[in-house]
Amino acid sequence: MVLRAGDLNPQVLRFDRADPVIAHAANELRLHLGGIVQTGNAGAEITLESRGGNGDGFTVTVATTGVSIVGEGSRGALNGAYWLLEAVGFLWVRPGETGAVFAPGKVLGEGSYSDSPSFPTRTLILGNDALHDEWPDWLEFASRNRLNSVFFHDTPPSVLDRGGASRPATAEGIAEDGKGWMFERWDRDGTAILKAAADRGMMVQFGGHHLPALVLRAHFEQHPDWFPERDGRRDGRYNLCTSSSGAMTELRARARDFFRRFRGASTYHLWADDILGGGWCSCRDCAELSPSDQALQATNVLAEELATIQPGSKVAHLAYHDTITAPAVFSPGTNVSALYAPRNRNYAYPINDPRCPRNREDHFGDLLQLAETFRGRDLAAFEYYSDAILFKWMAPPNLGILPFDASAYRQAGVTDFGNLAVTPRPWIGPTWHAWWFARCAWSTDADGQTSLRQFCEAAFGEDSGNALQAFRSLEEAYLKLLDLGELQRIPRHDVLDFSDSPRDGLARKAHELGEARDIFRGAIEAFGTGKDALGRAFASELSVQSAAVEHLSARIRAWDAGLDGRAREAGSEIVEARNQLDVIGRWAAEHSPAAYANLSRGMLRAARWHTEQIARTAGLADA
Ligand SMILES: [Zn+2]
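Criteria and thresholds
Residues numbered from 1 in each chain as written. Predicted model: local features only at pLDDT ≥ 70, side-chain atom pairs only at ≥ 80, totals over all residues. Heavy atoms only, no water. Helix = DSSP H or I, 4+ residues; strand = E, 2+ residues; numbered from the N terminus. Rg over C-alpha atoms; globule rule 2.2 N^0.38 Å. Buried < 20%, exposed > 50% of the residue type's maximum accessible area, 1.4 Å probe, protein only. Contact = heavy atoms within 4.5 Å. Areas by Shrake-Rupley, 256 points an atom, 1.4 Å probe, with all protein chains shown as cover. Donors = N, O, S within 2.8 Å, 3.2 Å for Na, K, Ca; no water. Tetrahedral: all angles 85-135°; square planar, octahedral: opposite > 155°, others 65-115°. Pairing = 2+ DSSP bridges. Domains from an automatic or database assignment. Buried area = accessible area lost by both parts, 1.4 Å probe. Salt bridge = Lys/Arg side-chain N within 4 Å of Asp/Glu carboxyl O. Polar contact = N/O pair within 3.5 Å; in protein donor to acceptor, adjacent residues only side chain to side chain. Nonpolar A, V, L, I, M, F, W, Y, C, P; charged D, E, K, R; others polar. Axes fitted to C-alpha atoms, helices over the stretch in contact; angles between N-to-C directions. Expected span 1.5 Å × (residues − 1). Core = buried A, V, L, I, M, F, W, Y, C linked by side-chain atoms within 4.5 Å. Phe/Tyr/Trp six-rings, centres within 6.5 Å; stacked < 30°, edge-to-face > 60°. Lys NZ or Arg CZ within 6 Å of the ring centre and 35° of its normal.

Caption draft 1: Inspection of the overall build of the protein chain at higher detail. In terms of helices and strands, the protein chain carries 18 helices and 19 strands. Over its C-alpha atoms the protein chain spans a radius of gyration of 25 Å, differing by no more than 12% from the 25 Å that the globule rule assigns to 623 residues. For the protein chain, the spread of C-alpha atoms along the principal axes amounts to about 80 × 65 × 50 Å. Counting only residues that meet the buried cut, the protein chain has 60% of its 623 residues in that class. Within the protein chain, contacts between residues separated by at least 24 positions form 72% of all contacts whose residues are at least 6 apart in sequence. Carbon and sulfur atoms form 49% of the exposed surface of the protein chain, whose accessible area is close to 24,100 Å².

As structure tokens, this is what we get:
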């Protein structure tokens, strides 16, 4: 006996109505199965129950008489409901209604099926206003793909007090303001967000680089000693002096305001300034403390205040840039968790791959140290698989590295595996990168080729063969593009801006980028134009990624040619690099709601600046 979607009767459900998560699971089964034409023998009854624990695992038992879903906890039962829906043909390939797709023909045999997640916490990090504007869709997408945590994070950082100003309606207004608007979003929707998350058994995390904002720079004139000493002088820029009792008193008071205003999160993030080098204090009392210790000292104070306002919640200590190494002097408070963010790693190799010393020694080594310092506490990995800022408008599939990353993180003791979604432009069509992350967060044994086939069949229907071929080529192109090789990073430049040091490393990179560009062109040809709505959207998605690949390739090839004195070649590559930025700008203007402008405008400006720097190096600058 096998069951098809049409054999399941959505009207015959037994469940505990008093449990909101179980009730939500029942609603989801009704919503999805209610749209399916019932077969003649429809009527397999579904029952839903929770064993009352906290686990996210489940057992689904399929028999001729019906289907029983039993969760370790109620979120486990909800996961079981989604497992069942997937087994009979449903998949959620992008946020929103268009992303819930059904492929008929799947059958489920009699038997008992059990599953449980590789990580207790699996987090989708929503990193900018435009994504927050669509939070109901993204939260549902995360929940249906069995993530159990959503993190409201803001890039660029929001402003605590705007004196009542409201968010501009136009892209120009947003760009001119240049800051984030997450705090206003939370003031308006926070209660609804907490309710939606609770109904799905999900946690909420909240915050970003907000530590410096708690000690207003306006205090500098009256209290210069609250601020860091640099080169023998107090400096009102970046962070604070954690040895100053005045600064710490102020920090405590403002932290209390923050936790009261943004009540309800399970973990808060109040990180230091997002800079590399020069952010911390070298006064007599701080001089011996590393940036990590200064940051942890501040975080411990925040955590003490949080414990009095919202016991049970946590504050994260961020290991990133200057604070990537573990603190050595101070110990984390009992409600301080660790958050490891390896933004400068190499995305062509898994995080612990012995073939990539940059990842294995420089980054993964830091994580292992951090795990030791934070033993017994939550340890989160803040990963960047859906970061179109880091990836410069592009969207690598991360097909090969993600399961290896997941395994490495699990072995290192990571309890919360998170994926930052942040972007200067909307993702059009199916969001493979976010879907595939969720897959690997659920199971470190996820199989890339099987999952890719399943995704393509659901998302692209009769185009799925072309899509599979296109994705395999995209993977190949991006591995070449993303490999940092031995190139050293230029301070305050982003990793994919690459560098000319060592010089032959740049020559190799230029060559690789040419190859990546050619393979990318092949991927676009393989996919074609797309026959249905999701396919047509994906063709457009590929066109903006293509412009970004062509731009970066031309820019780096111009750099290499210019340094070699191949002036004509450098000249034509510079023209191409400029043209492709215009293509990106036009695409963004056509497809992006205004809210993207606080990221897109600055990113285009930076890319133009880098391009003209290279033009100058090659003696090709515009007059
Ligand atoms: Zn100091």
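Caption draft 2: The arrangement of the coordination of the zinc ion in detail. At this site the zinc ion is bound by Cys241 (SG), Cys281 (SG), Cys283 (SG) and Cys286 (SG), with donor distances of 2.3 Å. Coordination at the zinc ion is tetrahedral: its 4 donor atoms span angles of 102 to 114° at the metal. Along the chain, the residues donating to the zinc ion are arranged with the sequence spacing C-x39-C-x1-C-x2-C.

Caption draft 3: Region of the structure containing the pairing of strand S5 (residues 66-71). The buried fraction of S5 amounts to 5 of the 6 residues, a majority that puts the element mostly inside the structure. Counting the residues between successive antiparallel strands, the hairpin from strand S4 (residues 58-63) to S5 contains 2 residues.

Caption draft 4: Structural view of the domain arrangement of the protein chain. By the assigned domains, the protein chain splits into domain 1 (2-115), domain 2 (121-446) and domain 3 (466-617). Taken together, the contact between domain 2 and domain 3 spans 53 residues of the former and 44 residues of the latter. Interface of domain 2 and domain 3: buried area, both sides summed, is about 4,000 Å²; carbon and sulfur atoms make up 66% of it. Between domain 2 and domain 3 we count 4 salt bridges in total. Put simply, domain 2 and domain 3 have 15 residue pairs in polar contact (both at pLDDT 80 or more) between them. Across the side of domain 2 that touches domain 3, the residue classes tally to 30 nonpolar, 13 polar and 10 charged.

Caption draft 5: Examining the side chain of Asn335 more closely. Examined against the element boundaries, Asn335 turns out to sit in the loop between strand S16 (314-319) and strand S17 (336-340). Of note is the side chain of Asn335, whose polar atom sits 2.9 Å from the backbone oxygen of Ala303. If we ignore the near neighbours within four places in the chain, the residues touching Asn335 are Ala303, Ala307, Ser313, Lys314 and Val315.

Caption draft 6: Structural detail: the sheet that holds strand S18 (residues 379-387). On the basis of which strands lie adjacent, the closed barrel formed by 8 strands has the order S10-S11-S12-S15-S16-S17-S18-S19 and parallel pairing. Each strand of the sheet is rotated relative to its neighbour by a mean of 30°, with strand direction disregarded. When S18 meets strand S19 (residues 416-422), the two strands line up parallel, connected through 6 bridges. Bridging across to S19, Phe382 finds its partner in Gly418. Of the strands in this sheet, strand S15 (267-270), S16 and S17 are in contact with helix H9 (residues 291-309), which crosses S16 at around 170°.

Caption draft 7: Fine view of unusual backbone geometry. The amide bond that connects Thr155 to the next residue, Pro156, takes the cis arrangement and shows omega of -10°. Position of Pro156 relative to the elements: it lies in the loop between strand S11 (149-152) and helix H5 (171-177). Look at Arg146: it is not a glycine, yet its phi comes out positive at around 65°. Locating Arg146 in the fold gives a position in the loop between helix H4 (135-144) and S11. Although it is not a glycine, His321 sits at a positive phi angle of roughly 45°. Along the chain, His321 turns up in the loop between S16 and S17.

Caption draft 8: Focus on the pattern of salt bridges. Inspection of the entire model under this criterion finds 47 salt bridges. Here Glu305 ties to Arg252 by a salt bridge, and the two come within 2.8 Å at their closest N and O atoms. Residue Glu305 is located in helix H9, and its partner Arg252 is located in helix H8 (residues 245-261); the two are separated by 53 residues in the primary sequence. Given the relative accessible area of 24%, Arg252 is considered partly exposed. The salt bridge involving Glu569 is made with Arg566; its shortest N-O contact spans 2.6 Å. A relative accessible area of 29% places Glu569 in the partly exposed class. Given a relative accessible area of 30%, Arg566 falls into the partly exposed group. Overlapping salt bridges, with partners in common, bring together Asp133, Arg167, Arg185, Arg188 and Asp189 in one network.

Caption draft 9: Looking closely at helix H12 (residues 432-442). Burial within H12 is extensive, with 11 of its 11 residues counted as buried. Of the residues making up H12, those classed as buried are Trp432, His433, Ala434, Trp435, Trp436, Phe437, Ala438, Arg439, Cys440, Ala441 and Trp442.

Caption draft 10: Representation of the environment of Ala169 within the structure. Relative to the assigned elements, Ala169 resides in the loop between S11 and H5. Sequence spacing of Ala169 and Ala594 is 425 residues, and the spatial spacing of their C-alpha atoms is 7.0 Å.

Caption draft 11: A look at helix H16 (residues 533-563). Compared with an ideal rise of 1.5 Å per residue, which puts 31 residues at 45 Å, H16 spans 46 Å between its outermost C-alpha atoms and is within 8% of the ideal. Most of H16 is tucked away: 26 of the 31 residues are buried.

Caption draft 12: Representation of the nonpolar core. Counting 164 residues, the largest nonpolar core has Phe206, Leu251, Phe259, Tyr409 and Phe417 as its most contacted members. The element that contributes the greatest number of residues to this core is H16, accounting for 13 residues. Ignoring anything within four residues of it in the chain, the contact list for Tyr409 reads Phe119, Tyr340, Pro342, Arg345, Ile351, Leu367, Ala381, Glu383, Tyr385, Val414 and Phe417. Membership of the second largest hydrophobic core comes to 34 residues, among which are Leu3, Leu13, Val21 and Trp83.

Caption draft 13: Spatial organisation of the packing of aromatic side chains. Tallying each qualifying case throughout the model produces 40 aromatic pairs. When the ring of Phe259 is compared with that of Tyr268, the centres are 5.0 Å apart and the planes differ by 65°; the resulting orientation is edge-to-face. Taking the relative accessible area as the measure of exposure, Phe259 reaches 1% and is therefore buried. A relative accessible area of 0% places Tyr268 in the buried class. An aromatic cluster is present here, built from Phe119, Tyr340, Tyr347, Tyr385, Phe391, Tyr409, Phe417 and Phe437 joined pairwise through their rings. Arg146 extends its terminal NZ or CZ atom over the ring of Trp442, reaching a point 4.7 Å from the ring centre.

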